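Remarks on the overall topology
Letter by letter, the chains look like this.
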Amino acid sequence: ELVVEASALGCLIGQSDGKIFVLNMGEPVSIIELARQMIRLAGLRPDEDVKIEIVGLRPGEKLREDVFHEQEHLVPTRYEGILLAGPRAVDLEHIRTIVAELADICRQDDIARLKNLIRRIVPEYQGNA
């Protein structure tokens, strides 16, 4: 229901241009506890009838999903359970400077400098050294 309401909200004139809607889905659920509950609902006993084995992450998998960035402020909408992620604001002159530096880096084909620039402008960047 929240997805349909968020879609409708996004279609309103002036509401959808680059906006990110965040659905309040309640408290996070532990996958292990969810697995245990499903085993019990099947009439079996976790760890006795059904062994749960944690094998680690596959490439690209995450331990947790962040719905929005911690520096984005959530703004209530007129719909309960639907929030709007307020973007981080950046000065236009700063953007122009970064774009000019990026163009220079591209002309010089300087990968190390590119990674340093990305680390400066995207603090969350986790790229390899």
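Predicted model only: the values in this text are computed from it and were never measured.

**Digging into the sheet that holds strand 3 (residues 82–86)**
Reading across the sheet, the three strands line up as 1-3-2 and stay open at both edges, with antiparallel pairing between neighbours. Whereas interior strands pair on both sides, the edge strands pair on one side only; in this sheet they are strand 1 (20–23) and strand 2 (73–76). Across the sheet, the mean angle separating the axes of adjacent strands is 40° when strand polarity is ignored. Where strand 1 and strand 3 come together, four bridges link them in antiparallel fashion. In the sheet register, I20 faces strand 3, and the bridge partner there is A85.

**So, the pattern of salt bridges**
Considering all chains together, one arrives at eight salt bridges under this definition. For D49, the salt bridge goes to R45, with nearest N and O atoms at 3.0 Å. Judged by relative accessible area, which is 39%, D49 ranks as partly exposed. Among the ionic pairs, D104 bridges to R113, the shortest N-O distance being 3.0 Å. By relative accessible area, R113 is classed as partly exposed at 26%.

**Side note on the packing of helix 3 (residues 92–108) against helix 4 (residues 111–121)**
Viewed as axis vectors pointing N to C, helix 3 and helix 4 meet at an angle of 160°, and their least axial separation amounts to 10 Å. Here helix 3 is positioned roughly antiparallel relative to helix 4, judged by the angle of their axes. The handedness of the crossing between helix 3 and helix 4 is left-handed. For the pair helix 3 and helix 4, contact is made by I98, E101, L102, D104, I105 and Q108 and by R113, L114, L117, R120 and I121, respectively. Across the contact of helix 3 with helix 4, the residue classes break down as six nonpolar, one polar and four charged.

**Description of a nonpolar patch on the surface**
On the surface, a cluster of nonpolar side chains totalling about 430 Å² of accessible area is made up of V29, I31, L34 and M38. Here L34 is to be found in helix 2 (residues 31–41).

**A word on helix 3**
With 17 residues, helix 3 extends 25 Å between its outermost C-alpha atoms, agreeing within 8% with the 24 Å of an ideal straight helix rising 1.5 Å per residue. The set of residues buried in helix 3 consists of I98, E101 and I105. Burial along helix 3 is one-sided: seen end-on, the buried residues are contained in an arc of 65°. Along helix 3, the residues that are exposed and aim more than 90 degrees away from the buried face are C106 and R107. For helix 3, the elements touching its buried residues are helix 4. Residue D109 follows helix 3 closely and has a positive phi angle near 55°.

Conventions and cut-offs
- Numbering of residues starts from 1 in each chain and follows the order in which that chain's sequence is written.
- In keeping with the predicted nature of the model, local features appear solely for residues at pLDDT of at least 70, side-chain atom pairs appear and are counted solely at 80 or more, and the whole-chain, interface and lining totals rest on all residues.
- Side-chain numbers come from the whole structure's heavy atoms, not from hydrogens or water.
- Strand pairing is assigned whenever DSSP identifies at least 2 bridges connecting the two strands.
- The way it works is that DSSP assigns letters per residue, a run of H or I at least four long becomes a helix, a run of E at least two long becomes a strand, and they are numbered from the N terminus.
- Each axis is a line fitted through C-alpha atoms, and for a helix only the stretch in contact is used; angles between axes span 0 to 180 degrees, taken between their N-to-C directions.
- Each salt bridge in this description consists of a side-chain nitrogen of Lys or Arg and a carboxyl oxygen of Asp or Glu lying within 4 Å of one another.
- Residue burial is assigned from relative accessible area. The probe radius is 1.4 Å, only protein chains are included, and a residue is buried under 20% of its type maximum, exposed over 50%, and partly exposed in between.
- Orientation labels follow simple angle bins: below 35 degrees gives roughly parallel, above 145 gives roughly antiparallel, 65 to 115 gives roughly perpendicular, and whatever is left gives oblique.
- Crossing handedness: left-handed means the near helix sits turned counterclockwise from the far one by under a right angle, and right-handed means the same turn made clockwise.
- Note on contacts: a residue pair qualifies if any of its non-hydrogen atoms lie within 4.5 Å across the two residues.
- Side-chain classes follow a simple rule in which Ala, Val, Leu, Ile, Met, Phe, Trp, Tyr, Cys and Pro form the nonpolar group, Asp, Glu, Lys and Arg form the charged group, and the remainder, Gly included, forms the polar group.
- Nonpolar side chains (Val, Leu, Ile, Met, Phe, Trp, Tyr) are joined into patches within 5 Å and like charges within 9 Å, using only residues with over 30% relative accessible area and no salt bridge.
- Per-residue and other accessible areas follow the Shrake-Rupley method at a 1.4 Å probe size, with only the shown protein chains counted as cover for residues.
- A helix is expected to span 1.5 Å multiplied by its residue count minus one.
- The arc refers to the directions leading from the helix axis to the C-beta atoms.

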